[in-house]
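Overview (structure and organization)
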Amino acid sequence: MPDQNATHGHVHTETSTVGDRRVPLLERLRQRWWGVLLLVTAAVCILWLALTDRLGLYIHPRYFVFTVIMALIAVALGIVSVLVHVDVEEVPKRRGRTALQLASVVGSLAVVGAMVVLPPSTLSVATADQRAVNSGTLAGEVQGQDAQTVLTSNPDFSTFGIKDWATLLRQTTRPADLEGRAFTGVGFVIADPDAADVFYVSRFVVNCCAVDAQPVGVPVQLDGWDRQLKPGDWVEVSGALTASDASHLPLVVGTAKVDKVEEPADPYDY
C-alpha cells in the first residue's frame, strides 16, 4: 500500500517549487525598472549640469556639493537595485500595465534627450515681468552691513553688484546721501511700466533655487532707450545716481553710458 504521507509530501514539494519559482530577470526589470530609470535619469542630469558648470542655473552654489553627492548616491543605488538579485513575486499581467510602464520609460528618455538637445538657459525677461522687479523682500544687508551703516562707512561702491545697489536704494532713508555716486552694473533690461524713459538694469537673485528667484534692478533714465535696446538685452551701464522726476523712484542712474554685452557665465546674484 503506497505511503500516503510520502505522496502528500511529494505533492507539497512540487507545489512549493512552483510557488517559489523565481521571476526571470526581464520580468523583474519590467516590474520595477521604470522607477529605477526615473531615479537614475534625474541623477545623471544633475551630474551633467555640474560637469558643464550649469548647475548654478537651477540652485544656489551653497547646495552644489550636497546635490552632487546625492546624485552620485542615487546612481549607485540605481545600479545596485538592478544588479542585486531580489526575489519578486510574479504579478499577473494586466491590461494597460505594460503600456503605462512603457510610457514612463519613454517620458524619462525624453527628459534626458531634452536636457542634451535643449541646453538649460537663464530665466527670461517674461519671468521677470511675471514676478515684478524689486517686488519681493530684498535681503536686509548690503555686503554684510545694514544699509544705513554702509552710507557712513565709506564703502568701495565699485564692488557692488546689482543686488547690493537695489537693496541700498530700496532701504535707505536718506537718498540724498547717494546722489552723485558713481554706478556701474551689468544686467538685463526690464522696462519700467510707469515711466517711458526708464528701464531697470536687472538680475535674478537666487536664495535657494531658480523657483524662488526674484528679479531686482537699478532704474536707469535714458530718453529713447527703447529705440536701441529691447527687454532682455544684457547691458553694462555706467553713470551717476541722480534725483528722479518719477514719483515712484527717488533716484535713478542718469547721464548713463549703456553698452550691449554678452550674457555673463554666472548671470545670477546670490
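Below: a short report on this structure.

Examining the state of the cysteines
- The full count for this structure, using the stated rule, is zero disulfides.
- A disulfide-free cysteine, Cys209 has its sulfur positioned 4.5 Å from the sulfur of Cys208, the nearest such atom.

Brief notes about the pairing of strand 5 (residues 214-221)
- Counting buried positions along strand 5 yields seven of eight residues, so the element is predominantly enclosed.
- Inspection of the sheet shows strand 4 (residues 198-205) paired to strand 5 by eight bridges, in the antiparallel sense. Considered in strand 5, the bridge of Val201 is made with Val218.

Focus on a nonpolar patch on the surface
- A cluster of nonpolar side chains, contributed by Leu39, Val65, Phe66, Ile69, Met70, Ile73 and Leu77, occupies part of the molecular surface with about 650 Å² of accessible area.
- At six residues, helix 3 (residues 64-83) tops the list of elements feeding residues into the nonpolar patch.
- Within the fold, Met70 resides in helix 3.
- The partly exposed category is assigned to Met70, whose relative accessible area is 38%.

A look at unusual backbone geometry
- The phi dihedral of Asp53 is positive, around 60 degrees, even though this residue is not glycine.
- Position of Asp53 among the secondary structure elements: in the loop between helix 2 (25-51) and helix 3.
- By relative accessible area, which is 71% here, Asp53 ends up exposed.

Topic: the nonpolar core
- Phe199 and Val237 are the most contacted members of the largest nonpolar core, which totals 26 residues.
- Of the residues forming this core, the biggest block, five residues, is contributed by helix 7 (residues 162-171).
- Judged by nonpolar contacts, the second largest core, of 17 residues, contains Val133, Val206, Val252 and Tyr268.

With respect to the environment of Gly239
- Within the element layout of this structure, Gly239 appears in strand 6 (residues 234-243).
- Residue classification places Gly239 among the buried residues on the basis of a relative accessible area of 19%.
- Spatially, the C-alpha atoms of Gly239 and Ala256 are 4.3 Å apart, while their sequence positions differ by 17 residues.

Concerning the environment of Val201
- Here Val201 shows up in strand 4.
- Considered as a pair, Val201 and Pro219 are 18 residues apart in the sequence and their alpha carbons are 6.5 Å apart.
- Residues within four places of Val201 in sequence aside, it is in contact with Ile162, Phe183, Gly185, Val186, Gly187, Phe188, Val216, Gly217, Val218, Val220, Val235 and Val237.

Some words on the side chain of Asp233
- Checked against the element boundaries, Asp233 lands in the loop between strand 5 and strand 6.
- A polar contact of 3.0 Å, which involves the side chain of Asp233, links it to the backbone nitrogen of Lys230.
- Excluding residues within four positions of it along the chain, Asp233 makes contact with Gly187, Phe188, Val189 and Lys260.

Some points on the environment of Lys257
- Mapped onto the fold, Lys257 is located in strand 7 (residues 251-260).
- On a C-alpha basis, the gap between Lys257 and Val237 in space is 5.7 Å, while along the polypeptide they are 20 residues apart.
- Those residues in contact with Lys257 that sit more than four places away from it in its chain are Glu236, Val237 and Ser238.
- Only 2.4 Å separates the side chain of Lys257 from the side chain of Asp259, close enough to count as a polar contact.

Looking at the pattern of salt bridges
- Taken as a whole, this structure holds three salt bridges when the rule is applied.
- With a closest N to O distance of 3.2 Å, Lys230 and Asp233 form a salt bridge.
- One salt-bridge network, held together by shared partners, links Lys230, Asp233 and Lys260.

What about helix 7?
- Most of helix 7 is tucked away, with eight of its 10 residues classed as buried.
- Taken together, the buried positions of helix 7 are occupied by Ile162, Lys163, Asp164, Trp165, Ala166, Thr167, Leu168 and Leu169.

As for the layout of surface pockets
- Roughly 400 Å³ of internal volume is contained in the largest pocket.
- Taken together, 23 residues form the lining of the largest pocket, with Val133, Asn134, Tyr200, His248 and Leu249 sitting closest to its centre.
- Elements supplying a minimum of two residues to the lining of the largest pocket: helix 5 (125-131), helix 7, strand 3 (182-191) and strand 5.
- Per-class residue counts for the lining of the largest pocket are 15 nonpolar, four polar and four charged.
- Roughly 250 Å³ of internal volume is contained in the second largest pocket.
- Looking at the lining of the second largest pocket, the elements that each hand over two or more residues are helix 2 and helix 3.
- Residues that form the lining of the second largest pocket fall into these classes: 11 nonpolar, two polar and four charged.

Rules of the game
- Residues numbered from 1 in each chain as written.
- Predicted model: local features only at pLDDT ≥ 70, side-chain atom pairs only at ≥ 80, totals over all residues.
- Heavy atoms only, no water.
- Disulfide = S-S within 2.5 Å.
- Buried < 20%, exposed > 50% of the residue type's maximum accessible area, 1.4 Å probe, protein only.
- Helix = DSSP H or I, 4+ residues; strand = E, 2+ residues; numbered from the N terminus.
- Pairing = 2+ DSSP bridges.
- Patch = residues over 30% accessible without salt bridge, like charges linked within 9 Å, V, L, I, M, F, W, Y side chains within 5 Å.
- Areas by Shrake-Rupley, 256 points an atom, 1.4 Å probe, with all protein chains shown as cover.
- Salt bridge = Lys/Arg side-chain N within 4 Å of Asp/Glu carboxyl O.
- Core = buried A, V, L, I, M, F, W, Y, C linked by side-chain atoms within 4.5 Å.
- Contact = heavy atoms within 4.5 Å.
- Polar contact = N/O pair within 3.5 Å; in protein donor to acceptor, adjacent residues only side chain to side chain.
- 1 Å grid on protein atoms, 1.4 Å probe; cavity = no way out; pocket = protein on both sides within 12 Å on 5 of 7 lines; lining within 4 Å.
- Points joined across faces, edges and corners; volume = space filled by probe spheres on them.
- Nonpolar A, V, L, I, M, F, W, Y, C, P; charged D, E, K, R; others polar.

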